[in-house]
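Structural characterization, general
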Amino acid sequence: MIAGRGAETAESFELLRRFAGHLDAAVGGTRPIADEGWIPFENQVGQTGCTIRPRICIALGVSGAIQHTEGIKDTKLMIAINQDEEAPIFQIADYGIVGDLNQILAEYLKEK
Ligand SMILES: Cc1cc2nc3c(=O)[nH]c(=O)nc-3n(C[C@H](O)[C@H](O)[C@H](O)COP(=O)(O)OP(=O)(O)OC[C@H]3O[C@@H](n4cnc5c(N)ncnc54)[C@H](O)[C@@H]3O)c2cc1C
């Protein structure tokens, strides 16, 4: 799972961590998320971070800048949630959900 700046509030990050816990998923992030201390720098994904090759990657609030997508291009199945339907991440995603990640994650977790 990748956290982007769209998940950069305490409320969003708590939802994201709970969601990752339900899926038993590791949490990486974009550079702004690492810069702000939401994740350790070693979990930053991209050109100046690490490269990942997961079977499934869920990008939450990630715009899809080239410096970031360099690190996820070998992902087998990409799912993106972003409130901006024009976000570049949707160009590389296999499945996309346009919407507020807070609402989507809260709805998912309510069912658990
Ligand atoms: C030399 C160089 C090296 C770099 N190396 C890296 C690197 O290794 N890794 C990296 O990640 N970046 C790197 N960057 C930075 C990169 O260019 C981008 O600035 C960065 O990836 C953007 O991170 P982001 O997608 O989290 O933030 P943003 O670009 O700010 O995108 C946030 C996204 O969240 C969405 N959003 C906001 N609120 C919500 C919500 N409530 N629900 C759903 N969606 C929401 C917005 O629509 C937006 O698309 C580098 C830049 C340079 C110049």
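We now turn to the structure provided with this report. (Residues numbered from 1 in each chain as written. Predicted model: local features only at pLDDT ≥ 70, side-chain atom pairs only at ≥ 80, totals over all residues. Heavy atoms only, no water.)

Here we look at the environment of Asp74
With respect to the helices and strands, Asp74 occurs in the loop between α3 (66-69) and β4 (77-82). Along the sequence, Asp74 and Thr51 sit 23 residues apart, while their C-alpha atoms lie 8.5 Å from each other. Discounting residues that sit within four places of it in the chain, Asp74 has contacts with Arg53 and Pro54. At a separation of 3.4 Å, a polar atom in the side chain of Asp74 contacts the side chain of Arg53. (Helix = DSSP H or I, 4+ residues; strand = E, 2+ residues; numbered from the N terminus. Contact = heavy atoms within 4.5 Å. Polar contact = N/O pair within 3.5 Å; in protein donor to acceptor, adjacent residues only side chain to side chain.)

A few points about the pattern of salt bridges
Using the criterion set out here, one finds three salt bridges in the structure. In this structure, Arg53 and Asp74 form a salt bridge, with 3.4 Å as the shortest nitrogen-oxygen distance. Separated by 21 residues along the polypeptide, Arg53 in the loop between α2 (31-35) and β3 (56-60) and Asp74 in the loop between α3 and β4 bring together distant segments of the chain. Relative accessible area serves as the criterion here: at 59%, Arg53 is assigned to the exposed category. By relative accessible area, Asp74 is classed as partly exposed at 36%. When the shortest N-O distance is used, the salt bridge between Glu107 and Lys110 registers 3.3 Å. Linking Glu107 with Lys110, this pair stays in helix α5 (residues 101-110), spanning three residues, or about one helical turn. (Salt bridge = Lys/Arg side-chain N within 4 Å of Asp/Glu carboxyl O. Buried < 20%, exposed > 50% of the residue type's maximum accessible area, 1.4 Å probe, protein only.)

What about the side chain of His68?
Inspection of the secondary structure assignment puts His68 in helix α3. Under the relative-accessibility criterion, His68 is labelled buried at 6%. With sequence-adjacent residues up to four places away left out, His68 is seen in contact with Ile2, Gly29, Thr30, Val45, Gly46 and Val62.

Quick look at the site of the ligand
Around the ligand lies a shell of 25 residues, among which Arg5, Thr30, Thr48, Ser63 and Asn82 are the nearest. Within the backbone of Arg31, an N or O atom sits 2.9 Å from an oxygen atom of the ligand. Between the ligand and His68, the relevant distance is 3.1 Å, taken from an oxygen atom to a side-chain nitrogen or oxygen of the residue. When the free accessible area of the ligand is taken as 990 Å², the share hidden by the protein chains comes to 76%. Partitioning the shell around the ligand into residue classes produces five nonpolar, 16 polar and four charged. (Near = heavy atom within 4 Å. Areas by Shrake-Rupley, 256 points an atom, 1.4 Å probe, with all protein chains shown as cover. Nonpolar A, V, L, I, M, F, W, Y, C, P; charged D, E, K, R; others polar.)

Some points on the pairing of β3
Of all five residues in β3, four are buried; the element is thus mostly enclosed. Pairing analysis gives two bridges linking strand β1 (residues 2-3) to β3, with the strands arranged parallel. Looking at β3, one finds that Ala3 is bridged to Leu60. Here five bridges tie β3 to β4, and the two strands are oriented parallel to one another. When the sheet's bridge partners are listed, Ala59 is paired in β4 with Ala80. (Pairing = 2+ DSSP bridges.)

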